[in-house]
Amino acid sequence: MIKLTRPACPNPTALRSNYKHPENKKALQESSFNKCMYCESRIEHIDYGDVEHIKPKTSFPDLEFDWDNLGYACPKCNREYKNDQYDEKLINPYQEDPEQFLHALNSIIFSINTNDKGEKTLDLVKLNRPSLLERRTERLDKIRLLIRLYLLVPIDEKDAIKEQILIESSKEKEYSLCVTSLIKSEGLI
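Student: What's the story with the pattern of salt bridges in this structure? I'm lost.
Tutor: A side chain of one charge can pair with a side chain of the opposite charge when the charged atoms of the two come close. Counted according to the given criterion, the structure contains 15 salt bridges. Notably, a salt bridge pairs Lys26 with Glu30, separated by 3.5 Å at the nearest N-O pair. One end of the pair, Lys26, and the other, Glu30, are both in helix α2 (residues 22–31), four residues apart, so they sit about a helical turn from each other. The class for Glu30 is partly exposed, based on a relative accessible area of 46%. In this structure, Asp141 and Arg144 form a salt bridge, with 3.1 Å as the shortest nitrogen-oxygen distance. Residue Asp141 and its partner Arg144 are located together in helix α5 (residues 130–152), separated by three residues, close to a single helical turn. For Arg144, a relative accessible area of 22% translates into the label partly exposed. The network of salt bridges with shared partners includes Arg135, Glu138 and Glu174.

As structure tokens, then:
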């Protein structure tokens, strides 16, 4: 989970009656770098993704068409785990920086000092579910190969490999919280 910036609503007129209007959905999708706002999994290659109500419309009907209550999520996080649940302690990545509450150690995400927001978010959207751990581990293994290569190549080739490693940790990439944590632990940033 990473900090996101919500763009202005591209089609406020459509939002009044259709919270998942294609223009607005696309803006939310792009603002989360085409990843789930919670688990950071790429969505579009396997699903269309959901326009997620951070505060569920069943409990907060007055927020159903509120742009500040919408995000882009994968079906697992949105429908299977979070569903119509909500807790004020759930991290909203558009309003707060998740790295204030969560950190990664390899493929596992932990709450910092077992804080309530981190714990509630980990539990509500199951950020350490087995399928995510597996995918994160696969991604981190690829980054570890780049790091090993970086350590082995002659000094004049290190910059190009380091640049590639840093690209792999960018917010646009899948599981960037875990990748950035790994790269920091290796002293590369």
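Student: Explain helix α7 (residues 176–185) here, please?
Tutor: Each α-helix winds once per 3.6 residues, and so residues spaced three or four apart point in a common direction. Judged by how many residues are buried, α7 sits mostly within the fold: seven of ten residues are covered. Along its buried surface, α7 packs onto β3 (102–105), β4 (108–111), α5 and α6 (155–168). Where α7 terminates, the next one or two residues include Gly187, which has phi positive at roughly 75°.

Student: Can you help me understand the state of the cysteines in this one?
Tutor: Here a disulfide denotes a covalent bond joining the sulfur atom of one cysteine to the sulfur atom of another. Tallying each qualifying case throughout the model produces zero disulfides. Unpaired in this structure, Cys39 has its nearest cysteine sulfur neighbour in Cys77, at a distance of 3.8 Å. Free of any disulfide, Cys77 has its nearest cysteine sulfur in Cys74, 3.7 Å distant.

Student: How do you make sense of the packing of α5 against α7 when you look at a structure like this?
Tutor: The description of two packed helices rests on the angle between their axes and on the distance between the axes. At a closest axis distance of 10 Å, the pairing of α5 and α7 adopts a crossing angle of 35°. For the pair α5 and α7, the sense of crossing is right-handed. Across from Arg136, Arg139, Leu140, Ile143, Arg144 and Ile147 in α5, the residues of α7 making contact are Cys178, Val179, Leu182 and Ile183. Tallied by class, the residues present in the contact of α5 with α7 amount to seven nonpolar, no polar and three charged.

Conventions we followed
Counting restarts for each chain: residues are numbered from 1 in the order of the written sequence. It should be noted that, the model being predicted, local features are given only for residues of pLDDT at least 70 and side-chain atom pairs only at 80 or more, the latter also being counted only at that level, while totals for whole chains, interfaces and linings use all residues. Excluding hydrogens and water, the side-chain values take into account all heavy atoms of the structure. Here a salt bridge means any side-chain nitrogen of Lys or Arg lying within 4 Å of a carboxyl oxygen belonging to Asp or Glu. Starting at the N terminus, helices and strands are each numbered in turn, a helix being any DSSP run of H or I of at least four residues and a strand any DSSP run of E of at least two. Only protein chains enter the accessibility calculation, which uses a 1.4 Å probe; a residue whose area is less than 20% of its type maximum is buried, one above 50% is exposed, and one in between is partly exposed. Residue contacts follow a heavy-atom distance rule, with two residues in contact if any of their heavy atoms lie within 4.5 Å. We call a pair of cysteine sulfur atoms a disulfide when they lie within 2.5 Å. In this analysis an axis means a line fitted to C-alpha atoms, helices contributing only their contacting stretch, and an angle means the value between N-to-C directions, from 0 to 180 degrees. Left-handed describes a crossing in which the near helix is turned anticlockwise from the far one by less than a right angle; the clockwise case is right-handed. Amino acids are sorted into nonpolar (Ala, Val, Leu, Ile, Met, Phe, Trp, Tyr, Cys and Pro), charged (Asp, Glu, Lys and Arg) and polar (every other residue, Gly among them).

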